[in-house]
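# Remarks on the overall topology
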Amino acid sequence: MDVFAIKKNGTPSLLNIDNFEELTKKRFPYYQYGTDKKLKCYAVCPECGNPIHIINLYGAEMIQNQTGIIATYAKHTRGKVSGFEFWNLYDKEDCSLYNPTPLGNTEIKHSDEYSEELKELIENNKRNVFKNIREVVSINLSTQIINRLYDSFMNSNSYTYKAVTKYNIPYAMLYYQQSISLYGQYIVKGIFGDLLSDQINEKSRFFKVENTGEIVKNVTGYRTINMMFKQFKATGNEKTITMEIYETDGEDRVYTILKEKISLKSYIYR
Ligand SMILES: [Zn+2]
């Protein structure tokens, strides 16, 4: 299927990267890491309300044999999925969008050689990549967060995706991820860091940036502040990625604090 919803009986949307990132904000349970630390994307079937697994959202590593189109699609999951309450096998088998026969797909991605080269390059430059990721975001992301990004990127084989090159590794590692919690993280001073601090201090309802750069909450109750990357345009003339910082309130409402388009510069690793 090529449609999805966020909630049972919710409005159906056409399945594509922009819609999916915009509507889910890369939040749990739509983005989650499996026990194998791989990133998995889910939504809800607009017909039967069961969870659906999103295939090929990133990487476009499959091509549909009959149509020749590189397709992102969704299929009903085999069983329950963490974070999605509703699960009903009978509704699934009765669903008009349920197609038990697999699509004929052929994989297209980097050649095994190039993928292997990229993998080694990343492994050998782990410390530099971490340093550069922190530079890109002007946030001194904790070791725990940065290791999570690395583990999920490597375990998901995201380096095999066509959009990932030897020169854009830090951006790719930020992009193929769930949203990242910024609570308690430190913004680094500088042109971009000051812009982030100013925007948060000006627009945030629940958070502020201390003089030390730490992002802290200034109200009581459960609130979150998160960063996500979307619209990764790694090819063509305009190489950009968009950073979005948003916060959520106690009722899970989402408020955007800033959207900043970042031009991709090359990072060279040896
Ligand atoms: Zn369904």
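## Considering the overall build of the protein
Helix and strand counts for the protein stand at seven helices and 14 strands. By the compact-globule yardstick of 18 Å for 270 residues, the protein fits well, its C-alpha radius of gyration being 19 Å. Its C-alpha atoms give the protein principal-axis dimensions of about 60 × 50 × 35 Å. Going through the 270 residues of the protein one by one, you find that 31% of them count as buried. For the protein, long-range pairs separated by at least 24 residues make up 63% of all intrachain contacts whose partners lie at least 6 apart in sequence.

## Some thoughts on the domain arrangement of the protein
The assigned domain composition of the protein is domain 1 (3-107) and domain 2 (112-263). The straight-line distance from the C-alpha centre of domain 1 to that of domain 2 is 24 Å. Taken together, the contacts link 17 residues of domain 1 with 17 residues of domain 2. No other element matches the three residues that strand 3 (residues 31-33) contributes to the side of domain 1 that touches domain 2. Residues that form the side of domain 1 that touches domain 2 fall into these classes: six nonpolar, two polar and nine charged.

## Thoughts on the nonpolar core
Within soluble globular proteins, side chains that are nonpolar tend to cluster in buried spots. By size, the foremost hydrophobic cluster in this structure holds 57 residues, and its most contacted members are Ala43, Ile52, Ile54, Met173 and Tyr175. Top element by residues in this core is helix 6 (residues 169-175). It accounts for six residues. Here this core spans two domains, since at least three of its residues come from each of domain 1 (3-107) and domain 2 (112-263). Isoleucine 54 has contacts with Phe20, Cys41, Tyr42, Ala43, Thr72 and Ala74, leaving out every residue within four places of it along the chain.

Thresholds, definitions, all that
- Residues numbered from 1 in each chain as written.
- Predicted model: local features only at pLDDT ≥ 70, side-chain atom pairs only at ≥ 80, totals over all residues.
- Helix = DSSP H or I, 4+ residues; strand = E, 2+ residues; numbered from the N terminus.
- Rg over C-alpha atoms; globule rule 2.2 N^0.38 Å.
- Buried ≥ 20, exposed ≤ 12 C-beta atoms within 10 Å, placed from the backbone.
- Contact = placed C-beta atoms within 7 Å.
- Domains from an automatic or database assignment.
- Nonpolar A, V, L, I, M, F, W, Y, C, P; charged D, E, K, R; others polar.
- Core = buried A, V, L, I, M, F, W, Y, C linked by C-beta atoms within 7 Å.

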